[in-house]
Amino acid sequence: MRLFLIVTLNGLTLAALYFLAASGFSLIFGLMRTVNMAHGALLLLGGYVGYDVVELTGSWMLGIACGGLAAALAGAAVQAGILGWMQGDELRQTLASIAISIVLADLMLWYWGGITYQVSLPDILSGGQKLPLLGVGYANIRLALMAFAVVVGVMLWFLIQRTRFGAVIRAGVDDQDMLRALGFPIGRIFIAVFALGSALAGMAGVIAASALSISPGTDLQFLLSSLVVVIVGGMGSIGGAALGALLVGLAEQYGLAYAPTYGVVFTFGIMVLILAVRPQGLMGRSEQ
Amino acid sequence: MKAGFLALPLIALPFVLNDFWLTQIATRALILGITALSLSFLATYLGVVSFAQITLAGIAGYTIAYFGPNTVGVGIKLPFWVSIPAALLFSVTAGALIGYIARRSRGIYAIMITLAIGVAFFYFTRQNYAVFNGWTGFSGITAPVVAGTSLRDPSTLYFLSLATAAIAVVLVSLFARAPLGLAIQAVRDAPSRVMALGIPVTTPVVAAFAFSGLIAGGGGILNVWYQERISSFSVGLGPIIDVLIIAVIGGLRHPLGAFLGAIVFVLLDTFAVDLIDRDRFNTLIGMVLLIIVMVAPNGLQQLAADAVAKLRAKEHQSGKSARIKTNT
């Protein structure tokens, strides 16, 4: 029972991290139909920058903000400079973003080296908490991570459902041509949404560097998990990203704990099953 | 006529090149080209970019390793005339299975699903020791000896790869013209109309993937003889991306593009050390890929074809004007 609780908590932690990474990925896809294969590289970039800022200033919050900002700037540059002018050609965008991720990953390896980084935590977040009711101890940072994911999820929901900017995004998802015809600067909206999605990735990177650790390879790990999460949950849906992240995170941790050899295959099994029943993902809308 | 022009210098290569150029450049490019061909076949005729082709090649390679002589003591030794068909059978079956999983997915969805399958296979080979020998994989694999010569001999392996590549190219062009191949292209262009005609969409998609499994399997067998080892790294993300880069650089619109891309890739891979720092190869190849995608989305094959067409047009024109001059 104790093991089960700990594994469940670990699964939820992982799910929270996956949600942070996948929500940005899904947001970008939902509006622009762009599969941003450089998402993992942007996440790692955010993580590295966040680490440097925390080391320099000692402020964890500033580290998160700067990590998000760095990824947002890089993401905006990618959309404005490269992906933006092949809009509509999805395959070409995918290939270009793969090229960008290869170059970015290599340059980051050059600058930050192949070492593993872990962000040092502020005092309130280090140490653990004896959880009431459940009776198990758990690390503060992981609890904070779950809370952070919930807050980000609610804020995203609010932004998309309740604000004018969100209304523009939703309109763009439904009918891009009409939005353009109404005189909205679609190019700039795309850049803004790309920056927003990348900022989410960057913040996720700093948090991953705090709760776990980051090193070369983290980019691919999160890119792949984001892919699986959005395939399971449905592309372009924030709710789907949350649901997919929960399923994948929990499956991965239960798999690790109860069937250690084939934990990964577990996740994959879920994906195949969902593809067989609902190719557009659990909460995704059908393409046609 | 045209094929002869291409074939003659290729057949003459072993008599001109030294072992380094023959094995490290020519043979390697051919083997990579065959695997990339299986990708560009799917891209051209089914309109699906598959990231699982290295997985299919790997399945064939692992079969050869498992049923052949190796130095890790895993597997059962079988004669090569059993293990080679078995390897191809497995890669075709795996291709059909992947096609069935991805049967309803198009475009980017297909990319994501095949990528996830490829990476899952990579993790699986790392975890499984009974068949795949885990992390370390197989080493000391020797190619079969036929009539006294090892197939790993530089010129023998070169001719074998060349023949396989030629057969693969011929098969692809035959397949594209066969009824099933036409059905595949119809599925690419208008799946709903194909369904309206009463042709099930699943069969052509599964067949296309199975056929790509055959080609990838051929490449995988040659590759395992060439490398003399196979491990989880041979089916990891690195090779997956390499084959994609090759296919894209060469051009996804024409089967021969794969070989063009493979030559460029192998030359860059071998001589990048003279251009830039060895460690920055990924930056170089990433930039090359980016430039190709931005400037020539149909790859080098299209660039070459355009250049040839332009030259012909010019020749034609100058010939015409010359004639006009003589007339007056």
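Because the structure is a prediction, the values reported are computed rather than measured.

### Focus on the nonpolar core
Consideration 1: In this structure, Leu46(B), Phe51(B) and Trp225(B) are the most contacted members of the largest nonpolar core, which totals 197 residues.
Consideration 2: Ignoring sequence-local partners within four residues, the contact set of Phe51(B) consists of Ile98(A), Ile111(B), Thr114(B), Leu115(B), Ile240(B), Ile241(B) and Leu244(B).

### A closer look at helix 8 (residues 186-211) of chain A
Consideration 1: Relative to the 38 Å expected for 26 residues at 1.5 Å per residue, helix 8 of chain A spans 37 Å between its end C-alpha atoms, a close match to the ideal helical length.
Consideration 2: A large share of helix 8 of chain A lies buried, amounting to 20 of its 26 residues.

### Considering the packing of helix 2 (residues 39-57) of chain A against helix 4 (residues 90-112) of chain A
Residue and element names in this part refer to chain A.
Consideration 1: One can describe the packing of helix 2 onto helix 4 by two numbers: an axis separation of 9 Å at closest approach and a directional angle of 25°. Viewed along their axes, helix 2 and helix 4 adopt a mutual orientation that is roughly parallel. Considering the relative orientation of helix 2 and helix 4, their crossing is left-handed. Within the contact between the two elements, helix 2 uses Ala41, Leu42, Leu44, Leu45, Tyr48, Val49 and Asp52 and helix 4 uses Ser101, Leu104, Met108 and Trp112.
Consideration 2: Split by residue class, the contact of helix 2 with helix 4 holds 9 nonpolar, 1 polar and 1 charged.

### Some details on a nonpolar patch on the surface
Residue and element names in this part refer to chain B.
Consideration 1: Taken together, the side chains of Ile76, Leu78, Phe80, Trp81, Val82 and Val146 make up a nonpolar region of the molecular surface, amounting to roughly 520 Å² of accessible area.
Consideration 2: For the nonpolar patch, the element with the most residues is helix 4 (residues 80-101), which contributes 3 residues.
Consideration 3: Note on placement: Leu78 falls in the loop between helix 3 (53-66) and helix 4.
Consideration 4: Judged by relative accessible area, Leu78 falls into the partly exposed class, the value being 31%.

### As for the interface of chain B and chain A
Consideration 1: Counting residues at the interface gives 37 residues for chain B, matched by 40 residues for chain A.
Consideration 2: Across the interface of chain B and chain A, roughly 3,400 Å² is buried in total on both sides, 80% from carbon and sulfur atoms.
Consideration 3: For the chain B face of the interface with chain A, the top three residues by lost area are Ile108(B), Tyr109(B) and Met112(B), together amounting to 19%.
Consideration 4: For the interface between chain B and chain A, the tally reads 1 salt bridge.
Consideration 5: Note that Asp106(A) is salt-bridged to Arg280(B), the shortest N-O span being 3.1 Å.
Consideration 6: Linking chain B to chain A there are 4 residue pairs in polar contact (both at pLDDT 80 or more).
Consideration 7: For the side of chain B that touches chain A, the secondary structure elements donating two or more residues are helix 5 (107-127), helix 10 (237-250) and helix 12 (281-295) of chain B.
Consideration 8: Broken down by element, the side of chain B that touches chain A gets its largest block of residues, 13 residues, from helix 5 of chain B.

### Focus: the side chain of Thr35(B)
Consideration 1: Mapped onto the secondary structure, Thr35(B) falls in helix 2 (residues 19-46).
Consideration 2: The class for Thr35(B) is buried, based on a relative accessible area of 5%.

Calculation notes
- Residues numbered from 1 in each chain as written.
- Chains lettered and ligands numbered in written order.
- Predicted model: local features only at pLDDT ≥ 70, side-chain atom pairs only at ≥ 80, totals over all residues.
- Heavy atoms only, no water.
- Core = buried A, V, L, I, M, F, W, Y, C linked by side-chain atoms within 4.5 Å.
- Buried < 20%, exposed > 50% of the residue type's maximum accessible area, 1.4 Å probe, protein only.
- Contact = heavy atoms within 4.5 Å.
- Helix = DSSP H or I, 4+ residues; strand = E, 2+ residues; numbered from the N terminus.
- Expected span 1.5 Å × (residues − 1).
- Axes fitted to C-alpha atoms, helices over the stretch in contact; angles between N-to-C directions.
- Parallel < 35°, antiparallel > 145°, perpendicular 65-115°, else oblique.
- Left-handed = near helix turned anticlockwise from the far one by under 90°.
- Nonpolar A, V, L, I, M, F, W, Y, C, P; charged D, E, K, R; others polar.
- Patch = residues over 30% accessible without salt bridge, like charges linked within 9 Å, V, L, I, M, F, W, Y side chains within 5 Å.
- Areas by Shrake-Rupley, 256 points an atom, 1.4 Å probe, with all protein chains shown as cover.
- Salt bridge = Lys/Arg side-chain N within 4 Å of Asp/Glu carboxyl O.
- Buried area = accessible area lost by both parts, 1.4 Å probe.
- Polar contact = N/O pair within 3.5 Å; in protein donor to acceptor, adjacent residues only side chain to side chain.

Nothing here speaks to function; it is geometry throughout.
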